[in-house]
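Coordinate inspection notes
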Amino acid sequence: MAKNELNAREAFNKILSSMEAHHEVMKNALPMIASENVPSPVVREALASDFGNRYAEGWVGERVYAGCRYLDEVEAIAIELGKKLFHAEFIDVRPVSGVFANLAAFSAFANPGDLVLSCTIPTGGHISHAKKTLGGTAGAIRDLDVQNYPFDEENFNIDVDKTISLVKELDSKGKKPKIFILGASVFLFPHPVKEIVELAKTYDSKVLYDGAHVAGLIAGGIFQDPLGEGADIFTMSTHKTLAGPQHGTIASWSKYSESIKRVVFPGLSSNHHLHAVAGVAIAFAEALEFYHEYARNIVTNSKTLGQALYERGINVLYEKKGFTDSHMLLIDVTKYGNGFEIEKKLEKCNIIVNRNLLPYDKRMGRDYRAPGGIRIGTQELTRLGMGKSEMVEIADLMKSVIIDDSDPEKIRSKVAELRKNFQKVKYCFSSIHDAYDYIKIR
Ligand SMILES: *Cc1c(COP(=O)(O)O)cnc(C)c1O
C-alpha cells in the first residue's frame with residue numbers, strides 16, 4: 001500500500017514536471033506545425049473554468065439539464081459571432097473536433113455505401129476523408145465508398161475537367177456521388193469550390209468544404225469564402241489558423257439545420273466540451289476584431305519564408321505560383337535526406353515541423369514513414385508577432401540545419417535568442433500572461 005501511494009505521488013509529480021518542461025521548450029522553440037497554434041491566455045482561462053465540468057445536452061435554450069443559464073449565454077454568443085465570421089445562416093459549435101464535424105456532415109448527407117469524392121492523402125487530403133483500406137473516417141467509420149479526385153500536380157489542385165469526366169463515368173455505372181469533399185491538410189491554394197458546386201448540382205449532391213486548416217484565414221477574409229461560393233456545409237477545427245481551443249464547428253444553411261443538429265446530438269456527442277465552447281466564443285470575438293490583419297500577415301509571412309528558403313537553395317514547391325496562398329509551405333527535402341530525417345534534425349534545434357508526403361512520393365516508392373517532404377506553417381510565429389525580417393532569419397537557420405548540418409546546440413541557442421522578443425500572443429483583447437506561461441492553479 002505504502003509503495004502504491006509512493007508510486008502515485010511520483011507519477012503525479014512526473015506529470016506536472018513534464019507539463020512544465022513542455023512549456024519551457026515552447027518558450028524557446030520555433031513552432032511551425034501547420035495544424036497548430038497558440039490561443040490567447042483568456043482562451044486558456046476558459047479551458048480552466050467550471051464550464052468544462054458540466055453537461056448541456058441539446059440546443060441552446062432547449063437543454064435537457066438544469067444549470068445551463070450561463071453556458072447557454074456563451075454558446076448563443078459563439079453562434080452569433082460564427083454566423084458573422086463565416087457568412088453562415090447556421091452554426092453548430094458542439095462537434096468536439098474537426099473529425100467529428102466531418103463525421104456529422106457525412107452522417108447528415110450520406111448513408112453507408114454512398115459514393116463520395118475526396119483528395120488522396122499525398123495530394124493533401126485528410127485521413128477523415130479517406131478510404132476504408134486506410135482506416136479513414138469516411139470509409140472505415142461511415143462506410144462510404146470513397147473515390148479520389150484526379151489531381152493536377154503542376155498546380156497542386158483538383159483537376160476539374162478530369163473530375164467532370166470521372167463523375168460522368170461513375171454515373172454511367174449507376175454511381176452518383178452523394179458528397180463532394182473539398183478542403184485539405186496540405187492546402188496551398190483555394191479549391192475550385194464554384195466549379196465543383198456547379199458539377200454537384202447536376203447530380204443533386206452536396207458539397208462539403210473542410211476548412212479545418214484555413215478557418216482563420218477565411219475568418220480574416222483572405223482565403224476563399226466557401227459558403228459564399230456555394231458550398232452546402234463548411235466544417236472546421238477551431239485551433240489551426242483559427243487560434244482557439246482544440247474543438248470543431250460546423251457552418252451551414254438554415255435548410256440543413258435540423259438534420260445537422262440531430263446528428264451532432266444525440267448522434268455524435270453527449271457533453272460537448274463546454275469549456276472549449278467558451279474558448280471558441282472568445283476566439284470568434286478575437287477573429288472578428290483582429291483577423292483581418294492577422295490573416296494577411298500570416299500569408300505575407302508564409303510567402304516571404306517560401307521565397308527566402310528558395311533563395312537559399314531549399315526546394316520549396318510551387319515557386320511559379322508564389323509558393324502558397326495560405327499559412328503553409330510544402331518543401332521537397334530529398335536532396336538532403338528524407339522528410340523523417342529532416343524533421344528530426346530540425347527538432348534537435350527546436351525548430352518544430354512535420355514530415356509530409358509529396359504528391360509524387362508514391363511513384364518514387366516513398367511512404368508516410370519516410371516521405372520526401374516537410375510541411376511548415378507560419379500561423380503560430382505570426383501570432384507571436386513575427387514579421388518578414390524574422391522569416392528571413394528563420395530561413396537562414398533552417399538552411400544551416402538542412403544544408404550545412406550546423407551544430408544543433410548552436411542553432412538551438414540562436415533560435416532561443418530569436419524567440420526572446422516574441423513571447424506574447426498578439427491579435428487578442430488581453431494578454432497579461434506570456435504565450436507559453438505555465439499557469440498554476442493547484
Ligand atoms: C486537422 C484536420 C481535421 C480535423 O482535425 P481535428 O484534430 O479532429 O480537429 C479535419 N480535416 C482536415 C483537412 C484537417 O487538416
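Residues numbered from 1 in each chain as written. Predicted model: local features only at pLDDT ≥ 70, side-chain atom pairs only at ≥ 80, totals over all residues. Heavy atoms only, no water.

What follows covers a nonpolar patch on the surface. A grouping of Tyr55, Val64 and Tyr65 is seen on the molecular surface, where their side chains present a nonpolar patch of about 300 Å² in accessible area. Among the secondary structure elements, tyrosine 65 is positioned in the loop between α2 (41-47) and α3 (69-86). (Patch = residues over 30% accessible without salt bridge, like charges linked within 9 Å, V, L, I, M, F, W, Y side chains within 5 Å. Areas by Shrake-Rupley, 256 points an atom, 1.4 Å probe, with all protein chains shown as cover. Salt bridge = Lys/Arg side-chain N within 4 Å of Asp/Glu carboxyl O. Helix = DSSP H or I, 4+ residues; strand = E, 2+ residues; numbered from the N terminus.)

Turning next to the site of the ligand. Residues in contact with the ligand amount to 13 residues; listed here are only the nearest, Gly98, Ser185, Asp210, Ser237 and Lys240. Contact between the ligand and aspartate 210: a nitrogen atom at 2.5 Å from a side-chain N or O atom of the residue. Computed on the free molecule, the ligand has an accessible area of 390 Å², of which 86% lies beneath the protein chains in the complex. Per-element accounting of the shell around the ligand gives the leading share, three residues, to helix α4 (residues 98-109). Considered class by class, the residues forming the shell around the ligand number three nonpolar, eight polar and two charged. (Near = heavy atom within 4 Å. Polar contact = N/O pair within 3.5 Å; in protein donor to acceptor, adjacent residues only side chain to side chain. Nonpolar A, V, L, I, M, F, W, Y, C, P; charged D, E, K, R; others polar.)

Moving on: helix α7 (residues 193-202). For α7, every residue scored as buried is listed here: Val193, Ile196, Val197, Leu199 and Ala200. Seen along its axis, α7 keeps its buried residues to an arc of 165 degrees; they face one direction. Of the residues in α7, the exposed ones pointing more than 90 degrees away from the buried face are Lys194, Lys201 and Thr202. Where α7 is buried, its residues meet α6 (160-172), β7 (177-182) and β8 (206-210). Note on α7: the residue one or two positions beyond its end, aspartate 204, has a positive phi of about 55 degrees. (Buried < 20%, exposed > 50% of the residue type's maximum accessible area, 1.4 Å probe, protein only. Arc of directions from axis to C-beta. Contact = heavy atoms within 4.5 Å.)

On to the sheet that holds strand β2 (residues 90-92), then. An order of β2-β10-β9-β8-β7-β3-β4 is seen for the seven strands of this open sheet, with the pairing classed as mixed. Looking at strand neighbours, the two that pair on one side only are β2 and β4 (145-148), the edges of this open sheet. Across the sheet, the axes of successive neighbouring strands diverge by a mean angle of 20 degrees, strand direction being ignored. In the packing of α7 onto the sheet, the strands contacted are β7 and β8, and the crossing angle to β7 comes to about 180 degrees. (Pairing = 2+ DSSP bridges. Axes fitted to C-alpha atoms, helices over the stretch in contact; angles between N-to-C directions.)

On to the sheet that holds strand β15 (residues 373-377), then. Read across the sheet, four strands follow the order β11-β12-β15-β14 without closing on themselves; strand pairing throughout is antiparallel. Taken across any chain shown, the strands that pair with only one partner, and hence form the sheet edges, are β11 (315-316) and β14 (354-356). Two strands pair when backbone bridges link them, and β14 and β15 are joined in this way by three bridges, in the antiparallel orientation. From the neighbouring strand, asparagine 354 faces β15, where its bridge partner is arginine 375. Running over the sheet, helix α10 (residues 274-311) touches β11, β12 (328-332) and β15 and is turned about 20 degrees from β12.

Our next topic: the packing of helix α13 (residues 388-402) against helix α14 (residues 408-419). In contact at an axis separation of 11 Å, α13 and α14 are set at 170 degrees when each is read in the N-to-C sense. As judged from the angle between their axes, α13 and α14 are roughly antiparallel. Here Glu390, Glu393, Ile394, Leu397, Ser400 and Val401 of α13 lie close against α14, whose contacting residues are Ile411, Lys414, Val415 and Leu418. (Parallel < 35°, antiparallel > 145°, perpendicular 65-115°, else oblique.)

Quick look at the pattern of salt bridges now. What the rule picks out here adds up to 29 salt bridges. Here glutamate 20 ties to lysine 440 by a salt bridge, and the two come within 3.8 Å at their closest N and O atoms. Separated by 420 residues along the polypeptide, glutamate 20 in helix α1 (residues 2-27) and lysine 440 in the segment after α14 bring together distant segments of the chain. Residues aspartate 72 and arginine 63 are paired through a salt bridge, measuring 2.6 Å at the closest nitrogen-oxygen approach. Residue arginine 63 is classed as buried on the basis of its relative accessible area of 13%. By sharing partners, the salt bridges in this structure join Glu343, Lys344, Glu347 and Arg355 into a single network.

Our focus in this paragraph is the domain arrangement of the protein chain. Once the domains are mapped, the protein chain shows domain 1 (44-286) and domain 2 (291-419). Taking the mean C-alpha position of each, domain 1 and domain 2 sit 28 Å from one another. Taken together, the 27 residues of domain 1 in the interface contact 26 residues of domain 2. Of the roughly 2,300 Å² buried between domain 1 and domain 2 on both sides combined, carbon and sulfur atoms contribute 64%. Looking only at domain 1, the three residues that lose the most surface to domain 2 are Glu153, Leu188 and Phe189, adding up to 26% of its buried area. Where domain 1 touches domain 2, the interface holds two salt bridges. In this structure, the salt-bridge partner of glutamate 286 is arginine 383, at a minimum N-O distance of 3.2 Å. (Domains from an automatic or database assignment. Buried area = accessible area lost by both parts, 1.4 Å probe.)

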